Amino acid sequence: MSLTLTMGICIGVGILDPETYLVSTGVFATFLVAQLTVLIRGQRIACGCFGQSEEPIGIETIGIAAVFFVFSLFLFIYESR
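From a predicted model like this one, the values you see are computed outputs, not experimental measurements. (Residues numbered from 1 in each chain as written. Predicted model: local features only at pLDDT ≥ 70, side-chain atom pairs only at ≥ 80, totals over all residues. Heavy atoms only, no water.)

## With respect to helix α3 (residues 59–80)
An α-helical segment advances 3.6 residues per turn. Residues three or four places apart therefore align on the same side. Where we set the bar: Going along the chain from the N terminus, every DSSP run of H or I of four or more residues is numbered as a helix, and every run of E of two or more is numbered as a strand. An expected span of 1.5 Å times one less than the residue number is assigned to each helix. Relative accessibility decides the category of a residue: with a 1.4 Å probe and only protein chains considered, values under 20% of the type maximum give buried, values over 50% give exposed, and everything between is partly exposed. Here the arc refers to the directions that run from the helix axis out to each C-beta atom. We call two residues contacting when some pair of their heavy atoms lies within 4.5 Å.
The first and last C-alpha atoms of α3 sit 31 Å apart over 22 residues, in line with the 32 Å expected at 1.5 Å per residue. Listed in full, the buried residues belonging to α3 are T61, I62, A65, S72 and L75. Projected onto a plane normal to the axis of α3, the buried residues spread over an arc of 155° and lie on a single side. Projecting away from the buried face of α3 at angles above 90 degrees are the exposed residues I59, E60, V67, V70 and F71. In this structure, the buried side of α3 is in contact with α2 (17–41).

Now the structure itself:
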């Protein structure tokens with residue numbers, strides 16, 4: 001929780017932009033791989049996305065993680081130039 005809060009504050013305030021985007025890209029990549037692993041194994045686990053969601057991991061939650069990953073990667077590449 002503290003890592004995501006720190007990333008949000010850094011992005012909101014505009015400090016450490018490339019570094020924060022790199023860390024957030026790594027976090028979203030981890031979420032994406034973890035959700036894909038659960039889906040491939042056929043497990044039924046609540047995502048817990050955005051708090052206490054009871055929605056199971058599926059195509060929708062993987063899509064959300066993928067969009068955030070791509071957006072974060074784009075921001076990292078753009079800010080690193």
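## As for the environment of V38
Along the polypeptide, V38 turns up in helix α2. Residue V38 is classed as buried on the basis of its relative accessible area, which comes to 11%. Each C-alpha atom of the pair V38 and T20 lies 27 Å from the other, and the pair is 18 residues apart in sequence. Beyond its immediate chain neighbours, meaning those up to four positions away, V38 contacts Q43, I45 and I57.

## Side note on the layout of surface pockets
Formally: Cavity: a set of points on a 1 Å grid over the protein atoms alone where a 1.4 Å probe fits but cannot get out. Pocket: an open set with protein on both sides within 12 Å along at least five of seven lines, its lining residues, like those of a cavity, having an atom within 4 Å of a point. Grid points are joined across faces, edges and corners, and a volume is the space filled by probe spheres set on the points.
By volume, the largest pocket amounts to about 540 Å³. The wall of the largest pocket is formed by 23 residues, among which V27, F28, F31, F50 and F68 lie closest to the centre. Broken down by secondary-structure element, the contributors of at least two residues to the lining of the largest pocket are α1 (2–13), α2 and α3.

## Considerations on the packing of α1 against α2
Defined as follows: Lines fitted to C-alpha atoms define the axes, with helix axes restricted to the stretch in contact, and inter-axis angles between N-to-C directions lie between 0 and 180 degrees. Left-handed is the label given to a crossing in which the near helix is rotated counterclockwise from the far helix by less than a right angle, and right-handed is the label when the rotation is clockwise. Residue classes follow a fixed rule: Ala, Val, Leu, Ile, Met, Phe, Trp, Tyr, Cys and Pro count as nonpolar, while Asp, Glu, Lys and Arg count as charged, and any other residue, Gly among them, counts as polar.
Taken N-terminus to C-terminus, the directions of α1 and α2 make an angle of 145°; their axes are 10 Å apart at the nearest point. As α1 packs across α2, the resulting crossing turns out to be left-handed. Contact residues: L3, M7, C10 and I11 in α1; D17, T20, Y21, V23, S24 and V27 in α2. Here the contact of α1 with α2 is built from residues that sort into 7 nonpolar, 2 polar and 1 charged.

It is worth stressing that arrangement in space is one thing and function is another; only the former is reported here.
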